[in-house]
Amino acid sequence: MQRTRSEVVGRAVRTAVRNPGRTILTMLGLAIGVGAFLAMVSFGTGARSSVMEQFEILGTRVVYIWGNMGRRNFGGSARPLTDADVEALLRDSLTIERVVPRITEVRNVKSAFARYPTKVTGTMPDFVHIREWPMLTGGMFDQTDLRQRAKVAVIGTTVARELFGRRDPVGQTITIGSNLPLRIIGVLVAKGEQTTGEDMDDIILIPATTYQAFLGMPTGYHELMLQVRDLSLLQTAMVEAIPIMRRSHRLADIEEDDFRMASPAQAAELARFVSNILTGLLVGIAAVSLLVGGIGVMNIQLVSVAERTQEIGVRSAIGASPSQIMVQFLAEAVVLSLTGSLAGVGLGWLASTLVAEAMSWSGTLSPLTMAGAAAFGTSVGVAFGYLPAKRAAQLEPIDALRHE
Amino acid sequence: MSGFSIVEASGISKVFPNMTSPVLDGVSIEIESGEIIALMGPSGSGKSTLMNILGCLDGPTAGTYLLGGRDVSTLTARERAWVRLHYIGFVFQSFHLIGDHTVLENVTLPLYYAGLDRHEREARAVEVIERVGLGHRLGHRPAQLSGGEKQRVAIARAVSGQPRLLLADEPTGALDTRTGAEVMELLLEMHDARALTLVIVTHDPEIAAYCHRQIFLRDGKVVSEGRGHAAHA
């Protein structure tokens, strides 16, 4: 039986090869369907994992609080974010593990070799822990540096390149503005660009106390980063932080919050939700195109049965049984759908690779997904090939023979 | 002649839906194994319908048809296909070769459906094709052949499965006189070599003259059965 089965397929392949126009037309629909399906799945997962990456850059269990300085609410004046807020949060919250304040301003910085304006950030040693940001060389400043207002700095790779070229920056001195010389004690690992296009490595970190003493901090910190003890406590921490901040800012009940709060995890959740909906929609569209491809197979096979009615009659007269006729046409549908689906996998892979390249996403099509899409496309084709095959098998031999 | 009846049809009637009068009306014929029969009559006389029933392409509305002693008048489509595969060969006026198949592929077709393996199939087919004088045309497509050659391929295909009964519907109808005569000679040769029973539908008296016996149909009835001069016999 094995021998016969491979022969049936061989004959179907020969029929396909001998009618190239018909074969290509039939394959095209399914190829486009499968290709679109794979492309959509790949775009979806690519976009989603890109969202997850962004989320990880900003820290996984972090809540951000921003002051409303300069954006006064009616009903009261906004107070700056201060060390008092940091202390209040650490003292009164049960869910918050660390609080790291941050102030960032663009300043002119110069080294012995170059000048470069960059984002100078005053913060605390835990900044690199909250942001999960390892050091490339050297180390982060510590609590002692903070206490002593030490004139030290840690820089990002972009700043290192701009100010020192290929030289090792650790141990070198930079000057911020005209009056603050700092010794570089470490370089941060490169994090690359955010989706917004912001260069994460264009940064200088200095102790918050040093910043306050030498550069001044008239409007307080720009941002407080709260690290929660556990990702599951994120929501609780956000609820808990609001009254602590209101108390610390001595806001009356009628006053609105003079700070804003958000977490990358929440934003990522929202982005993921939206991207899931979009992916679902696109996959739905791709599924419809696959269905259309299947209907294409059915149409072409119906035409093929009609065209070859006399041939079917001849085969039948010779002694082919209805099931042998049916198997012949089903085998043709299998060959056409399988080839079409494989072509579609090629198309889908190409599309997803090109887009992943352009968007700098990582490879997103697993072999399993591709095999699944090929199998699905083939089953669609075969399912739609069944009706024409059945019709061929049910032809009356004398009618079929007489058919011109 | 062996003297045993390969075809015993009695009271065969065929009525098609939407037709007022039956196409065949109580036809009874008997054909002995090895006979050569000319089935004759004007168009509309029912000779093609009778041939379809004899060839198990169609079943009768009424009557009994014994083929080789077995009742085949009430078979299912699948069973009739089996009978055609093993007992019957067809030759058609317009050849009915499969256009995208080579000569060899056309001739192996009945053997393929009978489930023979490729090697045996091709060996047998090549033998038959050489027998009809087309051993040099194995890989050709029907479109590359002349009419006479096409009919030779069709005859090779019809006999490759070693049928008992060969039905030829106007086998020379599409050919010129000389080619037609050659095809007729080939049919007779096959008859002699393979112990075939041959039923030829024709209205050409010259073809009929080759046959042992002529059966005339008119309006769905047998009107006469003549012993021809059987030039061949």
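Residues numbered from 1 in each chain as written. Chains lettered and ligands numbered in written order. Predicted model: local features only at pLDDT ≥ 70, side-chain atom pairs only at ≥ 80, totals over all residues.

Draft legend 1. Just the environment of Phe92 of chain B, in detail. All names here are of chain B. Turning to its location among the elements, Phe92 is positioned in the loop between strand S6 (88-91) and helix H3 (103-113). As for Phe92 and Gly173, which are separated by 81 residues in sequence, their C-alpha atoms are 9.1 Å apart. Residue contacts for Phe92: discarding those within four places in its chain leaves Ala154 and Asp169. (Helix = DSSP H or I, 4+ residues; strand = E, 2+ residues; numbered from the N terminus. Contact = placed C-beta atoms within 7 Å.)

Draft legend 2. Inspection of the interface of chain A and chain B at higher detail. Taken together, the contacts link 16 residues of chain A with 18 residues of chain B. Looking at the side of chain A that touches chain B, the elements that each hand over two or more residues are helix H1 (2-18), helix H10 (309-318), helix H11 (322-359) and helix H13 (397-402) of chain A. The class makeup of the residues in the side of chain A that touches chain B is 7 nonpolar, 6 polar and 3 charged. (Nonpolar A, V, L, I, M, F, W, Y, C, P; charged D, E, K, R; others polar.)

Draft legend 3. Here's a closer look at the sheet that holds strand S1 (residues 5-14) of chain B. Residues and elements named next belong to chain B. The sheet built from 4 strands is open, its strands ordered S2-S1-S4-S5 with antiparallel pairing. Only two strands of the sheet have a single neighbouring strand rather than two, namely strand S2 (24-32) and strand S5 (70-71). Taken strand by strand, helix H1 (residues 47-54) contacts S1, S2 and strand S4 (62-67), and its axis lies near 125 degrees from that of S1. (Pairing = 2+ DSSP bridges. Axes fitted to C-alpha atoms, helices over the stretch in contact; angles between N-to-C directions.)

Draft legend 4. Up close: the sheet that holds strand S8 (residues 197-201) of chain B. All names here are of chain B. What the 6 strands build is an open sheet, ordered S6-S7-S8-S3-S9-S10; its pairing is mixed. The sheet terminates laterally at S6 and strand S10 (221-227), the two strands that pair on one side only. Across the sheet, the mean angle separating the axes of adjacent strands is 20 degrees when strand polarity is ignored. Here 5 bridges tie strand S7 (residues 165-169) to S8, and the two strands are oriented parallel to one another. The residue bridging Leu165 from the neighbouring strand is Thr197, located in S8.

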